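Secondary and tertiary structure notes
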Amino acid sequence: MLQCPSCARSQEPRLICSQCGTPLAADLDLFAALQLPRLLEINTGNLETAYHELGRRIHPDRFASARPEIRDASLRATALLTRAYRTLRDPISRGRYWLELHGHKLGENNKQVPPELAELVFEVQEKLSDWRAAHGEDEAGFRDGLLELKTERVRLQGLLDEFYAELLENFAAFDGGGPDSDQLFAELRTNLSKLAYLQTLVRDVDRALEDSAVG
Ligand SMILES: [Zn+2]
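The following paragraphs examine the structure supplied in this document. Just so you know, these numbers come straight off a predicted model, no measurement behind them. (Residues numbered from 1 in each chain as written. Predicted model: local features only at pLDDT ≥ 70, side-chain atom pairs only at ≥ 80, totals over all residues. Heavy atoms only, no water.)

**Considering the pattern of salt bridges**
When the charged atoms of two side chains lie near each other, side chains of opposite charge can form a pair. Summed over the entire model, instances satisfying the criterion amount to 10 salt bridges. Put simply, Lys127 and Glu148 hold a salt bridge, and the shortest N to O gap is 3.7 Å. Of this pair, Lys127 sits in helix H5 (residues 115–134) while Glu148 is found in helix H6 (residues 139–175), placing the two residues 21 residues apart along the sequence. Given the relative accessible area of 41%, Glu148 is considered partly exposed. A salt bridge links Glu152 to Lys127, with the shortest nitrogen-to-oxygen separation between them at 2.6 Å. With Glu152 in helix H6 and Lys127 in helix H5, this pair connects stretches of sequence that are 25 residues apart. Classification of Glu152 as buried rests on a relative accessible area of 3%. A cluster of three or more residues bridged by salt bridges with shared partners is formed by Glu123, Lys127, Glu148, Glu152 and Arg155. (Salt bridge = Lys/Arg side-chain N within 4 Å of Asp/Glu carboxyl O. Helix = DSSP H or I, 4+ residues; strand = E, 2+ residues; numbered from the N terminus. Buried < 20%, exposed > 50% of the residue type's maximum accessible area, 1.4 Å probe, protein only.)

Structural data, given as structure tokens:
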């Protein structure tokens, strides 16, 4: 139980005193901070609303002349709320946080390229380096390489969308109380790792395409 420094009411840890509205420096998980149910499927509209409404109620400006203890609670509650919002609004960081919240690590083998992606990553990296090598040496090769990279970018986007859809399916299975949570956690780790690799690859291709637009 947590006691409100303002009205002294004793209550379950929460962001705002249920009796007087004073911000409380409670140690909450990020779902609880936003007063959202602990579920992976989040309605973005609800998330935005919760963040803005709670943020307004605990805003440090409102407590500028309050006792230091309460000012401090307002700052800490605001920092927690912001962290919760930023972490939960993005499905990938939400998935990572879910693992953390349940005591699962992303895993050591996360540093390895997931097998089903290894070939693709290799192929695209090779195209990138051939293309860079053609620069200033082989104009026709450079132009063809650019076209190939643009086509590749479209294919990668298709895969990204597919992996995102898989991640959201995994979220739905968790929320539906899937039959085997060990399997769901393993799937989640794989999904996150695949997305991380693909995103890095897409960033490399995008950077190369941007450079070619500038140069
Ligand atoms: Zn109170």
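Picking up where we left off.
**Describing the side chain of Thr22**
Inspection of the secondary structure assignment puts Thr22 in the loop between strand S2 (10–11) and helix H1 (30–33). Taking the relative accessible area as the measure of exposure, Thr22 reaches 6% and is therefore buried. Leave out the neighbours within four places in its chain, and Thr22 touches Cys4, Ser6, Leu15, Ile16, Cys17 and Ile70. (Contact = heavy atoms within 4.5 Å.)

**Thoughts on the coordination of the zinc ion**
Octahedral six-donor coordination of a metal ideally yields angles of 90 or 180 degrees, compared with 109.5 degrees for tetrahedral four-donor coordination. At 2.3 Å from the zinc ion lie its protein donor atoms, namely Cys4 (SG), Cys7 (SG), Cys17 (SG) and Cys20 (SG). For the zinc ion, the 4 donor atoms are set out with angles of 105 to 113° between them, so the coordination reads as tetrahedral. Counting along the primary sequence, the residues that act as donors to the zinc ion give the motif C-x2-C-x9-C-x2-C. Of the two residues, Cys4 is situated in the loop between strand S1 (2–3) and S2 and Cys20 in the loop between S2 and H1; the sequence distance between them amounts to 16 residues. A residue is classified by how much of its surface remains accessible, and Cys4, at 3% relative accessible area, is buried. (Donors = N, O, S within 2.8 Å, 3.2 Å for Na, K, Ca; no water. Tetrahedral: all angles 85-135°; square planar, octahedral: opposite > 155°, others 65-115°.)

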